[in-house]
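# Architecture and fold: a report
Okay, here's what each chain looks like letter by letter:
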Amino acid sequence: MLTANEKRKLLTDKQKEKLRLAAQMLKATAKLYDKNKPNLLPLWGGGIITHGQPQNKDFIIGISKRAAKADKKETTKDHLYRVTETAKVILTRLQKENLSVEEIENILLDRSMYMIVTRSENSVDLKNAKDPSNEDDWKALYKKAGIEYTLYK
């Protein structure tokens, strides 16, 4: 698996710009995060994290067995580290530590991993297998969802 610095070298200028802006936005808004209001996490996750993390082919680490046999139009990329959980990790750390923008970028890059899955695996199987007590372990989630996969590297 690539390190954050190795991943950074794979980014286009536009991706670097988006990553920097996402890190700056997280840093600037961390004081607004209230762990007692988790329903607000999708604002950071679906907005800042989703659009700030690079999504090029170098970040795709594998493919599910069903997706490998499916038509391309029936597949999608699954964020292996849930975007709301990534937001929670960063915002919680920012409230306790004075992370630099580059450190936030590194967290975003380290958590930029995707799996090619079928649309039904993504919208049904993975969604139904969610375990609130362990939302940050993608391997456990895939196992619970019964999704078999092949890693590329």
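Below is a summary of the structure that appears in this document. What you see is a predicted model, and the numbers here were worked out from it, not measured in a lab.

So, how was this worked out
Residues numbered from 1 in each chain as written. Predicted model: local features only at pLDDT ≥ 70, side-chain atom pairs only at ≥ 80, totals over all residues. Heavy atoms only, no water. Core = buried A, V, L, I, M, F, W, Y, C linked by side-chain atoms within 4.5 Å. Buried < 20%, exposed > 50% of the residue type's maximum accessible area, 1.4 Å probe, protein only. Helix = DSSP H or I, 4+ residues; strand = E, 2+ residues; numbered from the N terminus. Contact = heavy atoms within 4.5 Å. 1 Å grid on protein atoms, 1.4 Å probe; cavity = no way out; pocket = protein on both sides within 12 Å on 5 of 7 lines; lining within 4 Å. Points joined across faces, edges and corners; volume = space filled by probe spheres on them. Nonpolar A, V, L, I, M, F, W, Y, C, P; charged D, E, K, R; others polar. Pairing = 2+ DSSP bridges. Axes fitted to C-alpha atoms, helices over the stretch in contact; angles between N-to-C directions. Parallel < 35°, antiparallel > 145°, perpendicular 65-115°, else oblique. Arc of directions from axis to C-beta. Polar contact = N/O pair within 3.5 Å; in protein donor to acceptor, adjacent residues only side chain to side chain.

Here we take up the nonpolar core. Among the nonpolar cores identified, the biggest contains 29 residues, and Leu26, Trp44, Ile90, Leu91, Ile104 and Leu108 are the most heavily contacted of them. Listed by contribution, the elements that provide at least two residues to this core are helix 2 (13-29), helix 3 (41-52), strand 1 (60-64), helix 5 (83-96), helix 6 (101-110) and strand 3 (114-118). Discounting chain neighbours no more than four positions away, the residues touching Ile90 are Leu26, Ile49, Ile104, Ile107 and Leu108. Listed in part, the 13 residues of the second largest apolar core include Leu80, Leu126, Ala129 and Ile147.

A few words on empty space enclosed by the protein. A probe matching the size of a water molecule, rolled over the atoms, marks out where space remains unfilled. Throughout the structure, instances matching the rule amount to one cavity of 30 Å³ or more. Of the pockets and cavities examined, the largest cavity occupies roughly 50 Å³. Lining the largest cavity are Arg82, Lys130, Asp131, Asn134, Glu135 and Leu141. Here the residues of the lining of the largest cavity sort into one nonpolar, one polar and four charged.

Moving residue by residue along a regular strand, the side chains alternate between the two faces of the sheet. Counting buried positions along strand 3 yields five of five residues, so the element is predominantly enclosed. Because side chains alternate across strand 3, one face comprises the buried residues Tyr114, Ile116 and Thr118, and the other comprises Met115 and Val117, equally buried. Relative to strand 3, strand 1 runs parallel, the two being bridged by three bridges. Opposite Ile63, over in strand 3, you have Ile116 as the bridge partner.

Running from N to C, helix 3 and helix 5 cross one another at 100°; their axes reach a closest spacing of 8 Å. Accordingly, the angle class assigned to the pair helix 3 and helix 5 is roughly perpendicular. Across from Leu41, Pro42, Trp44, Gly45, Gly46, Ile49 and Thr50 in helix 3, the residues of helix 5 making contact are Val83, Thr84, Thr86, Ala87, Lys88, Ile90 and Leu91. Grouping the amino acids of the contact of helix 3 with helix 5 by side-chain chemistry returns eight nonpolar, five polar and one charged.

Attention now moves to the sheet that holds strand 3. Strand order across the open sheet formed by four strands is 2-3-1-4, with mixed pairing between neighbours. Edge positions in the open sheet fall to strand 2 (75-79) and strand 4 (149-151), since each of these has one partner strand only. Between one strand axis and the next, the sheet turns through 30° on average, direction left out of account. Relative to the sheet, helix 7 (residues 119-128) contacts strand 1, strand 2 and strand 3, its axis offset from that of strand 3 by approximately 95°. Helix 8 (residues 138-145) rests against strand 1, strand 2, strand 3 and strand 4 of the sheet, and its axis sits at about 150° to strand 4.

Among all positions in helix 8, only Trp138, Leu141, Tyr142 and Ala145 are buried. Each buried residue of helix 8 sits inside an arc of 95° when the element is viewed along its axis, so together they form one side. Relative to its buried face, helix 8 has exposed residues pointing more than 90 degrees away, namely Lys143 and Lys144. Tucked inside the fold, the buried residues of helix 8 contact strand 1, strand 2, strand 3, helix 7 and strand 4. Capping the start of helix 8 is the job of one residue whose side-chain oxygen sits 3.2 Å from the backbone nitrogen of Lys139: Asp137. Of the residues flanking the end of helix 8, it is Gly146, one or two places downstream, whose phi is positive at about 75°.

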